[in-house]
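# Structure assessment
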Amino acid sequence: MAATDIRFSRNTPARFLLLALALLLAPLQAIASVLPADRADVMYHQYDGGGMTIDGPSVLVRKAVRDDLSLSANYYVDQVSSASIDVITTGASKYSEERTEFTVSGDYLLNKTIISGGYTGSSENDYEANTYYFGIAQDFFGDLSTLSLNYSYGADDVFNATDEAFEDKVRRQNYQFSWSQVMTKN
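The shown structure was predicted, so the numbers you read here are calculated from the model rather than taken from an experiment.

### Some details on the environment of Glu-98
Structurally, the position occupied by Glu-98 is in strand 4 (residues 96–110). Measuring from C-alpha to C-alpha, the distance between Glu-98 and Val-77 comes to 7.1 Å, with 21 residues separating the pair along the chain. Here Glu-98 is in contact with Val-77, Asp-78, Gln-79, Ser-123, Glu-124 and Asn-125, once residues within four sequence places are set aside. At 3.1 Å, the side chain of Glu-98 and the side chain of Gln-79 are in polar contact.

Shown next as structure tokens:
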């Protein structure tokens, strides 16, 4: 079988696309061989417009507890008051609601592999969401290639606070496979 020689001139769109792809994927390469940095973030978010106000705090803490293990926790709140544009245009009644979310996760470093897992739970007056996730990322070929496999499973409950007869379940799964490639060490 004869070898195929593919060459791109400076003006070839394919060369530009390959360069752009390499630049976009290059930051992903660092994911598999280094644990995330320690950090603590506190944030307050607010949106006010269209007859609606949404605000609340968020707190994130990530800490390496050993050289090969990093844990994190995040607490997030959305407080909603009023309603959408319906309050202004049709005189719909205003309402208020609060959604709280809590996430715990961990990353374990084993040579050039990172194994990650976690849980996110979210609660509001008519919806309870639970998501479990697991991922593994491995560096290859002089740390220029990274293969990642991820899986998540969601088990949610939907209900109506005023009608106890209404209740339903939502189940979802997400599978992800990715390969990132750094084209050159330069």
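### Side note on the side chain of Thr-103
With respect to the helices, strands and loops of the structure, Thr-103 is situated in strand 4. Looking at Thr-103, the relative accessible area reads 13%, which means it is buried. Side-chain polar atoms of Thr-103 contact the side chain of Thr-120, separated by 3.0 Å. Filtering out sequence-adjacent residues up to four positions away, Thr-103 remains in contact with Ser-72, Ala-73, Asn-74, Tyr-119, Thr-120 and Tyr-133.

### Some thoughts on a nonpolar patch on the surface
A contiguous nonpolar surface patch, about 720 Å² in accessible area, is contributed by Phe-134, Ile-136, Phe-140, Phe-141, Leu-149, Phe-177 and Trp-179. Sorting the residues of the nonpolar patch by element identifies strand 6 (127–140) and strand 8 (163–181) as the ones contributing at least two each. Tracing the backbone through its elements, the reader meets Ile-136 in strand 6.

### A short note on the confidence of the model for the protein
On average, residues of the protein score 80 in pLDDT, and 76% of them reach the 70 mark or higher. Taken together, the stretch residues 1–12 has pLDDT below 50 and engages in five contacts with residues farther than four places along the chain or on a different chain. Note that pLDDT drops below 50 for residues 14–32; the model gives that stretch 28 contacts with residues more than four away or on any other chain.

### Here's the deal with the side chain of Thr-120
Looking at the element boundaries, Thr-120 is found in strand 5 (residues 113–124). Leaving out residues up to four positions away in the same chain, Thr-120 has contacts with Glu-101, Phe-102, Thr-103, Ala-129, Asn-130, Thr-131 and Tyr-133.

Here is what the cut-offs are and how they apply
Residues numbered from 1 in each chain as written. Predicted model: local features only at pLDDT ≥ 70, side-chain atom pairs only at ≥ 80, totals over all residues. Heavy atoms only, no water. Helix = DSSP H or I, 4+ residues; strand = E, 2+ residues; numbered from the N terminus. Contact = heavy atoms within 4.5 Å. Polar contact = N/O pair within 3.5 Å; in protein donor to acceptor, adjacent residues only side chain to side chain. Buried < 20%, exposed > 50% of the residue type's maximum accessible area, 1.4 Å probe, protein only. Patch = residues over 30% accessible without salt bridge, like charges linked within 9 Å, V, L, I, M, F, W, Y side chains within 5 Å. Areas by Shrake-Rupley, 256 points an atom, 1.4 Å probe, with all protein chains shown as cover. Salt bridge = Lys/Arg side-chain N within 4 Å of Asp/Glu carboxyl O. pLDDT = per-residue confidence, 0-100.

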